[in-house]
Amino acid sequence: ISIGDQPELDFLPDTIKTDRGFVVVNEHFQTSDPKIFAVGDIVKPGLITDAIGAGRRASAVMNDILAGKRPSGDRRVMLDKSRVTLEYFDPRITEFHDTTECGSQCASCGACRDCSMCVTICPQAAISRKDLGDGDYEYRVDPDLCIGCGFCTAGCPCGIWTLMENEPMV
């Protein structure tokens, strides 16, 4: 259920614990009823990328439970929020007719959209896209060509690329 940015809690059973208008969850996004999970603005105000990341982690926990394993989930930080960009977001577009239109306005969910912006922007042609088949792909960096300019990092609308600090030459 998508509730927007102000939670509507009237539909919840009385067994679900709330605090100051938000649903209380544990580290696995389980509510006081372990069969009910909650993510997004019903738990705390945040970005859609927070909700997507929480949904991914909650689904990993659900998968563990269904497989009879102890829930572990994925506790990694999904995306460095300082790198989320709205550079390609057009606030004048207020409705979407399909996922392609919606995806073109993505703020960033921390997953590559396969836009090839990094390939296009790299001045050394150090980044290439490899087709892995079955719709899978990966982007690779040739370390012999990369000069560490950071254009890929700045140009990526999804915050995928990171740079490691160069070690000074002695």
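Details of the structure are given in the entry above.
Only a predicted model underlies this, so the values are computations on that prediction, with no experimental measurement involved. (Residues numbered from 1 in each chain as written. Predicted model: local features only at pLDDT ≥ 70, side-chain atom pairs only at ≥ 80, totals over all residues. Heavy atoms only, no water.)

Draft legend 1. Broad picture of the overall build of the protein. From N to C terminus, the protein includes four helices and four strands. N-terminal to C-terminal, the α/β element order of the protein is β-β-α-α-α-β-β-α. Classification of the 170 residues of the protein by burial places 24% in the buried group. A sequence separation of at least 24 residues applies to 38% of the contacts in the protein between residues at least 6 apart. (Helix = DSSP H or I, 4+ residues; strand = E, 2+ residues; numbered from the N terminus. Buried < 20%, exposed > 50% of the residue type's maximum accessible area, 1.4 Å probe, protein only. Contact = heavy atoms within 4.5 Å.)

Draft legend 2. Examining the side chain of Q30 more closely. In this structure, Q30 sits in the loop between strand 2 (22–23) and helix 1 (48–66). A relative accessible area of 11% places Q30 in the buried class. Separated by 3.0 Å, the side chain of Q30 and the backbone oxygen of P34 make a polar contact. (Polar contact = N/O pair within 3.5 Å; in protein donor to acceptor, adjacent residues only side chain to side chain.)

Draft legend 3. The arrangement of unusual backbone geometry in detail. With phi around 50 degrees, R20 is a residue other than glycine that occupies positive phi space. Mapped onto the fold, R20 is located in the loop between strand 1 (18–19) and strand 2. When its relative accessible area of 76% is taken as the criterion, R20 is described as exposed. With a phi close to 65 degrees, S116 is a non-glycine residue in the positive phi region. Mapping S116 onto the fold places it in the loop between helix 2 (99–103) and helix 3 (117–121). Residue class for S116 comes out partly exposed when judged on its relative accessible area of 24%.

Draft legend 4. Examining the pairing of strand 3 (residues 127–133) more closely. Across six bridges, the pairing between strand 3 and strand 4 (residues 136–141) is antiparallel. When the bridges of strand 4 are listed, R129 appears paired with Y139. Between strand 3 and strand 4, which follow one another and run antiparallel, lie two residues, and D134 among them has a positive phi close to 55 degrees. (Pairing = 2+ DSSP bridges.)

Draft legend 5. Inspection of the nonpolar core at higher detail. Residues C118, C122, A126, I127, Y139, C152, C156, C158 and W161 constitute the largest nonpolar core, which totals nine residues. Membership of the second largest hydrophobic core comes to six residues, among which are I16, V23, I42 and V43. (Core = buried A, V, L, I, M, F, W, Y, C linked by side-chain atoms within 4.5 Å.)

Draft legend 6. Here's a closer look at the pattern of salt bridges. Counted by the stated rule, this structure contains three salt bridges. We note a salt bridge from R129 to D114, for which the minimum N-O separation is 2.8 Å. With R129 in strand 3 and D114 in the loop between helix 2 and helix 3, this pair connects stretches of sequence that are 15 residues apart. According to the relative accessible area criterion, R129 is partly exposed, its value standing at 37%. A salt bridge links E138 to R140; its shortest N-O distance comes to 2.4 Å. Classification of E138 as partly exposed rests on a relative accessible area of 28%. (Salt bridge = Lys/Arg side-chain N within 4 Å of Asp/Glu carboxyl O.)

Draft legend 7. Highlighting the state of the cysteines. In the structure shown here, the tally under the stated rule is zero disulfides. In this model C146 remains outside any disulfide bridge; the closest cysteine sulfur is found in C152, 6.4 Å from its own. A residue is classified by how much of its surface remains accessible, and C146, at 37% relative accessible area, is partly exposed. C152 sits in the buried class, given a relative accessible area of 13%. (Disulfide = S-S within 2.5 Å.)

Draft legend 8. Seen up close, the environment of A54. Mapped onto the elements, A54 comes out in helix 1. As a C-alpha pair, A54 and E27 span 27 residues in sequence and 9.9 Å in three-dimensional space. Not counting the four nearest positions on each side in its chain, A54 is found in contact with F29 and V39.

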